[in-house]
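Each chain, letter by letter, is given below.
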Amino acid sequence: MPVAVIQMVSQSDVLANLARARVLLEQAAAGGARLAVLPENFAAMGRRDVADIGRAEAFGQGPILPWLKQAARDLKLWIVAGTLPLPPVDQPDARVHACSLLIDDQGQIVARYDKLHLFDVDVADNRGRYRESDDYAYGYNVVVADTPVGRVGLTVCYDLRFPELYSELRAAGAELITAPSAFTAVTGAAHWEVLIRARAIETQCYVLAAAQGGMHPGPRETFGHAAIVDPWGRVLAQQDQGEAVLLAERDSIEQASIRTRMPVASHRRFFSQGARQRPVQDDEFKA
């Protein structure tokens, strides 16, 4: 079943970004995709008023959620809405999360993932310092959901550096894992491809890595290289920079074969911290 990964170069103007995203989603639907993944911060990049954006959406006064639902209905397309700022459902005045939504082809929100790992790092680029926790609250839950293309696990960007999350998604039945991202040019050049391929190989899942790829306000440069990676770690489609719609088909029979021939999920072993730190004794080497 075809899936689509979208690459954008989002700017600070929400309505302009939504207009561009609509064009790209239409291309995905025309290509036969049943599910499309938008990148992190698809609706706005470089904005510091994320709390205001999220509050407006929570109170039904923002443009992003109605647009997403309408696009899904119009195009008969399941959409993973990269990230947008949203407070908890029952606390509209609380701090916003970097939230990835799964929306079905009827325009209904069927799953919500709040980004677990926030990007609080120093990078040797023209911005230098990133502190997502200044603007966002941490998420706490692992999220998987059934879709027409298979069982999907949700992650975001910096999560890629934490393989234990991906192991939990595989244990929860994930067959595809989304990773909408906005990797910096520096960290992306160093680590992006090896991370998305490693997460696919170790979980034996398809990784749908949507991306931002270009120059944004701030100033900020993102790495791009949106990609679809199969459970054997093969890159099925990739785009260096600029806007793009990448399409590939999930081969569920081949995926099942890979998991049967190399059953890593059943081979996983667990160890205690004490066992890791136990000193080796000399007599252990004696016959």
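Residues numbered from 1 in each chain as written. Predicted model: local features only at pLDDT ≥ 70, side-chain atom pairs only at ≥ 80, totals over all residues. Heavy atoms only, no water.

By the naming in an unreviewed UniProt entry, the protein chain goes by Carbon-nitrogen hydrolase family protein and is assigned to Pseudomonas hefeiensis. Taken verbatim from the UniProt record of the protein chain, the Sequence similarities (unreviewed entry) comment is "Belongs to the carbon-nitrogen hydrolase superfamily. NIT1/NIT2 family." (UniProt positions renumbered as here; feature names shortened; annotations may be inferred.)

Engineer: Where do I start with the UniProt feature "domain: CN hydrolase" (unreviewed entry) in the protein chain in this structure?
Structural biologist: Following the UniProt record, one finds the feature "domain: CN hydrolase" (unreviewed entry) at residues 1-252. Spanning residues 1-252, this segment combines 27% helix with 30% strand, and its end C-alpha atoms are found 9 Å apart. (Helix = DSSP H or I, 4+ residues; strand = E, 2+ residues; numbered from the N terminus.)

Engineer: Could you clarify how one ought to interpret helix H2 (residues 50-58) in this entry?
Structural biologist: Spacing of three or four residues puts side chains on the same side of an α-helix, whose turn is 3.6 residues. Within H2, burial applies to Val50, Ile53, Gly54 and Glu57. What you see down the axis of H2 is that its buried residues fit within an arc of 95°, all on one side. Those residues of H2 that are buried are in contact with helix H3 (64-75) and strand S3 (78-86). (Buried < 20%, exposed > 50% of the residue type's maximum accessible area, 1.4 Å probe, protein only. Arc of directions from axis to C-beta. Contact = heavy atoms within 4.5 Å.)

Engineer: Looking at this structure, I do not really get the sheet that holds strand S11 (residues 206-209). What am I missing?
Structural biologist: Pairing is mixed in the open sheet, where six strands are placed in the order S8-S9-S10-S11-S15-S16. Only two strands of the sheet have a single partner each, and these edge strands are strand S8 (144-147) and strand S16 (235-239). Neighbour-to-neighbour, the strand axes of this sheet turn through a mean angle of 20°, independent of strand direction. Here strand S15 (residues 226-229) pairs with S16 via four bridges, running antiparallel. Looking at the pairing, Val229 lines up with Val235 of S16. Sheet strands touched by helix H5 (residues 185-203): strand S10 (176-178), S11, S15 and S16. Its angle to S11, the strand with the most contacts, is close to 150°. (Pairing = 2+ DSSP bridges. Axes fitted to C-alpha atoms, helices over the stretch in contact; angles between N-to-C directions.)

Engineer: Would you mind showing me how to read the pairing of strand S9 (residues 150-154) here?
Structural biologist: For a regular strand, the rule is simple: side chains alternate between the two faces of the sheet. A large share of S9 lies buried, amounting to four of its five residues. Taken together, the four bridges between S8 and S9 define a ladder with antiparallel strand orientation. Residue pairing in the sheet places Ala145 in a bridge with Val152 of S9. Hairpin connection from S8 to S9: two residues lie between these consecutive antiparallel strands. Where S9 and S10 come together, three bridges link them in parallel fashion. Of the residues in S10, the one forming a bridge with Leu154 is Thr178. With helix H4 (residues 163-171) bridging S9 and the parallel S10, this β-α-β connection has right-handed handedness. (Right-handed = clockwise from strand over helix to strand, strands pointing away.)

Engineer: Help me understand the nonpolar core in this model?
Structural biologist: Where a protein is soluble and globular, its nonpolar side chains tend to be buried together. Within the largest apolar cluster, 46 residues are counted, with the highest numbers of intra-cluster contacts made by Leu35, Leu102, Leu154, Leu160, Trp192, Ile196 and Leu208. Setting aside chain neighbours within four positions, we find Leu154 in contact with Val80, Ser100, Leu102, Ala111, Tyr113, Val143, Leu169 and Thr178. With 31 residues, the next largest nonpolar core counts Val14, Phe42, Ala44 and Ile103 among its residues. (Core = buried A, V, L, I, M, F, W, Y, C linked by side-chain atoms within 4.5 Å.)

Engineer: What's the story with the environment of Tyr138 in this structure? I'm lost.
Structural biologist: Positionally, Tyr138 belongs in the loop between strand S7 (129-131) and S8. Classification of Tyr138 by relative accessible area gives partly exposed; the value is 39%. Taking the C-alpha atoms as reference points, Tyr138 and Phe162, separated by 24 residues in sequence, lie 15 Å from one another. Those residues in contact with Tyr138 that sit more than four places away from it in its chain are His97, Lys115, Leu116, Leu118, Asp120 and Ser133.

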